[in-house]
Amino acid sequence: MSGRTRRQIGISETNCDICGTRGLPVFESRITRRGLALINPWWHQHRRTYEQCPACGMKYRLKAGRRV
Ligand SMILES: [Zn+2]
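Below you will find a few notes about this structure.

Cut-offs applied
- Residues numbered from 1 in each chain as written.
- Predicted model: local features only at pLDDT ≥ 70, side-chain atom pairs only at ≥ 80, totals over all residues.
- Pairing = 2+ DSSP bridges.
- Helix = DSSP H or I, 4+ residues; strand = E, 2+ residues; numbered from the N terminus.

**Topic: the pairing of strand β2 (residues 25-31)**
Okay, so step 1: Pairing of strand β1 (residues 4-11) with β2 involves seven bridges; the strand directions are antiparallel. Its bridge partner lying in β2, Arg-4 is registered against Ile-31.
Okay, so step 2: By the bridge criterion, four bridges tie β2 to strand β3 (residues 48-52) in an arrangement that is antiparallel. From the neighbouring strand, Glu-28 faces β3, where its bridge partner is Thr-49.

As structure tokens, then:
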């Protein structure tokens, strides 16, 4: 198990560079908080967002809503 959880937060208006699919789902991924992290006030969830193409599986990392 990876210790990360992800959820879909929307649909992007961009196209997949590999296969041209339109409207890629946007996911937010973050570390699952458990164990000592539950009582650690400095814990950070390290959120990441990315688009993933449902057709070919290509991932595009996002930063402030833009591909990096
Ligand atoms: Zn694709």
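**Let's talk about the sheet that holds strand β4 (residues 59-63)**
Okay, so step 1: What the five strands build is an open sheet, ordered β1-β2-β3-β4-β5; its pairing is antiparallel. Either end of the sheet is taken by a strand with one partner, and the two such strands are β1 and β5 (66-67).
Okay, so step 2: Sheet analysis places β3 next to β4, joined by four bridges and oriented antiparallel. The partner of Thr-49 across the bridge, within β4, is Leu-62.

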